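If you want the building blocks of each chain, they are given just below.
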Amino acid sequence: MKEDYYDILGISKGASAAEIKKAYRKMAIKYHPDKNPGDNEAENKFKKAAEAYEVLGNEEKRAKYDRFGHQAFEGGGFGGGGGMNMDDIFSQFGDIFGGGFGGGFSGFGGFGGGGQRRAKGSNLRIRVALTLEEIANGVEKKIKVKRKVQAPGTTYKTCSTCNGTGQVTRVTNTILGRMQTASPCTTCGGSGQMINQKPADADAQGLKVQEEMVSIKIPAGVEDGMQLKVSGKGNEAPGNGIPGDLLVAIEEKAHESLQREGDNLHYDLYISISEAALGASKEIQTVNGKVRIKIEPGVQSGKILRLRGKGVNSLNGYGKGDLLVHVNVWTPKTLTKDQKEFFEKMANDENFQPNPEKSDKSFFEKVKDMFS
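A brief look at the structure comes next. (Residues numbered from 1 in each chain as written. Predicted model: local features only at pLDDT ≥ 70, side-chain atom pairs only at ≥ 80, totals over all residues. Heavy atoms only, no water.)

A few words on the overall build of the protein chain. Each helix and strand in the protein chain was counted, giving 10 helices and 15 strands. Counting only contacts in the protein chain whose residues sit at least 6 apart along the sequence, the fraction spanning at least 24 positions is 66%. (Helix = DSSP H or I, 4+ residues; strand = E, 2+ residues; numbered from the N terminus. Contact = heavy atoms within 4.5 Å.)

Laid out in structure tokens, this is it:
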């Protein structure tokens, strides 16, 4: 089982943003590869801490993680930080350590070494509409995406401004002494490389638009408005940089007969007075096909039948929701002469008089049960 992000950073779930940042900074310094050369265990802890901070240090991602756990970011390339490489991790350090550390731990060349920072391509965003059946069980979608890729024949040369580091270092005199800062090179955009030659159909960065079929594994239990990430399937970056990500916004299609409430589903079943009095066998729709249920004689309108495990698979992987069947007894609006005479005869019959038992809950009790 994947380790809890809060446990990795050694903080409680109620930790503030400042406490999260402080915990990550402490671990990043302790397990930085430059301080632990050749120590694979330290490097692994360094990467875990960075992955945990990428999620917990972001208010929106943290909220999703608190609600759904690791499942909120997993499933065929989705990730809070599981696909992070060292370039991704070092890109965080401008925020964590500031720019006054000679490059902000920008590479493996030592603290303040000012190593090359690879440029990252822009993200792409798409919307995927899913049926309730697809959401309940999970689905793999193949989507055509137009993304920028490096055009064949494009070559690069080292940027003359930053000499391939992707950064420009400046030294300023302050009352505390000389302060060295580093910022991305504006000439090459931080890639450390410039276009040497490119084909005619490429843009100024040596990229061209190409249509690609991307396979997206969507886990069961996602919700409308949720955003998933497919790492590396956004636009490519010039100079062999890091590709951006494909952000997938989930849209839930309305179902003709089922209503969703979290992992549970609701179904309105209408039966006649005769079926309510005599009992019946009815076929109803579920997300996995139709099933037949038995209606007991004397069922009351408003009765809720619970079909366990017939709802939506939970996103966190813990079981399935239920299907709640709401029984509605249909009262005829028009009657023939014979039918009217029948009901007039039964009007004062003992069996036709309302006589609720203790087991027949009121409407408010049923509502309370539904939300408890």
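In any sheet, the strands associate via hydrogen bonds between backbone groups, in a parallel or an antiparallel arrangement. Strands sit in the order β10-β11-β15-β14 across an open sheet of four strands; the sheet is mixed. On the outer flanks of this sheet lie β10 (258–261) and β14 (304–307), each paired with one strand and no other. The sheet shows a mean angle of 30° between the axes of neighbouring strands, taken without regard to direction. Pairing of β10 with strand β11 (residues 264–272), which is carried by four bridges, proceeds in the antiparallel orientation. Across the sheet, residue Glu261 finds its bridge partner in β11, namely Asn264. (Pairing = 2+ DSSP bridges. Axes fitted to C-alpha atoms, helices over the stretch in contact; angles between N-to-C directions.)

Once that is clear, we can look at the packing of aromatic side chains. As enumerated under the stated definition, the model contains six aromatic pairs in all. Arranged with centres 6.2 Å apart and planes meeting at 40°, the rings of Tyr6 and Tyr65 form a pair that is tilted. With Tyr6 in helix α1 (residues 5–9) and Tyr65 in helix α4 (residues 59–68), the pair connects residues that are 59 residues apart, well separated along the chain. For the pair Tyr6 and Tyr65, one class covers both residues: buried. Ring-pair connections join several aromatic residues into one group, and the members of that group are Tyr5, Tyr6 and Tyr65. (Phe/Tyr/Trp six-rings, centres within 6.5 Å; stacked < 30°, edge-to-face > 60°. Buried < 20%, exposed > 50% of the residue type's maximum accessible area, 1.4 Å probe, protein only.)

Attention now moves to the pattern of salt bridges. Under the counting rule described, the total for this entry stands at 18 salt bridges. Of the charged contacts, one joins Lys48 and Glu3 as a salt bridge, the two residues approaching to 3.4 Å between their closest N and O atoms. In this pair, Lys48 sits in helix α3 (residues 40–56) while Glu3 sits in the segment before α1, placing the two residues 45 residues apart along the sequence. Lys141 is the partner of Glu134 in a salt bridge, and the nearest nitrogen-oxygen pair spans 2.9 Å. The exposure class of Glu134 is buried, given its relative accessible area of 19%. Within this structure, Glu54, Lys61 and Lys229 form a network of salt bridges that share partners. (Salt bridge = Lys/Arg side-chain N within 4 Å of Asp/Glu carboxyl O.)

The next point concerns the packing of helix α2 (residues 17–31) against α3. Packing of α2 against α3 brings their axes to within 9 Å, and their N-to-C directions diverge by 160°. It follows that α2 is roughly antiparallel to α3 by the angle criterion. As for how α2 packs across α3, the hand of that crossing is left-handed. Where α2 approaches α3, its residues Ile20, Lys21, Tyr24, Met27, Ala28 and Tyr31 are matched on the opposing element by Ala42, Lys45, Phe46, Ala49, Ala50, Tyr53 and Leu56. (Parallel < 35°, antiparallel > 145°, perpendicular 65-115°, else oblique. Left-handed = near helix turned anticlockwise from the far one by under 90°.)

Moving on: α4. Each α-helix winds once per 3.6 residues, and so residues spaced three or four apart point in a common direction. Those residues of α4 lying buried are Arg62, Lys64, Tyr65 and Phe68. Buried residues of α4, seen end-on, are gathered within an arc of 165° and therefore sit on one face of the element. In α4, the exposed residues that point more than 90 degrees away from the buried face are Glu59, Glu60 and Arg67. If you follow the buried residues of α4, they end up packed against α1, α2, α3 and β8 (227–230). Measuring from the side-chain oxygen of the N-cap residue of α4 to the backbone nitrogen of Glu60 gives 3.0 Å; that N-cap residue is Asn58. Count one or two residues on from α4 and you reach Gly69, which has phi positive near 70°. (Arc of directions from axis to C-beta. Polar contact = N/O pair within 3.5 Å; in protein donor to acceptor, adjacent residues only side chain to side chain.)

Attention now moves to the sheet that holds strand β9 (residues 246–252). As summarised here, the arrangement of the three strands in space is β1-β9-β8, forming an open sheet in which the pairing is mixed. Here the strands that pair on one side only, and so sit at the sheet edges, are β1 (124–130) and β8. Here the strands of the sheet are splayed against their neighbours by 30° on average, with no regard to which way each runs. Relative to β9, β1 is paired through seven bridges, and the arrangement is parallel. Bridging across to β9, Arg125 finds its partner in Leu247.

Tracing the backbone through its elements, the reader meets Phe68 in helix α4. Here the alpha-carbon distance between Phe68 and Val222, two residues 154 residues apart in the chain, equals 9.7 Å.

Turning next to a nonpolar patch on the surface. A cluster of nonpolar side chains, namely Ile273, Leu335, Phe342, Phe343 and Phe352, defines an oily patch on the protein surface of about 420 Å² accessible area. Among the structural elements, Leu335 can be located in the loop between β15 (323–330) and α9 (337–346). Assessed through its relative accessible area of 42%, Leu335 is described here as partly exposed. (Patch = residues over 30% accessible without salt bridge, like charges linked within 9 Å, V, L, I, M, F, W, Y side chains within 5 Å. Areas by Shrake-Rupley, 256 points an atom, 1.4 Å probe, with all protein chains shown as cover.)

Moving on: the pairing of β11. Between the antiparallel neighbours β10 and β11 lie two residues, among them Gly262 with a positive phi of about 65°. Examined bridge by bridge, β11 and β15 share eight bridges and lie parallel to one another. Bridging across to β15, Tyr270 finds its partner in Asn328.

Turning our attention to α3. The first and last C-alpha atoms of α3 sit 24 Å apart over 17 residues, in line with the 24 Å expected at 1.5 Å per residue. If you check which residues of α3 are buried, you get Ala42, Phe46, Ala49, Ala50, Glu51, Ala52, Tyr53, Glu54, Val55 and Leu56. Where α3 starts, the residue carrying a side-chain oxygen 3.1 Å from the main-chain nitrogen of Glu41 turns out to be Asp39. (Expected span 1.5 Å × (residues − 1).)

Quick look at the state of the cysteines now. Counted by the stated rule, this structure contains zero disulfides. The closest cysteine sulfur to the non-disulfide-bonded Cys159 is located on Cys162, 3.8 Å from its own sulfur. Looking at Cys185, it has no disulfide partner, and the nearest cysteine sulfur is the one in Cys188, 3.8 Å off. With relative accessibility at 1%, the residue Cys185 sits in the buried group. (Disulfide = S-S within 2.5 Å.)

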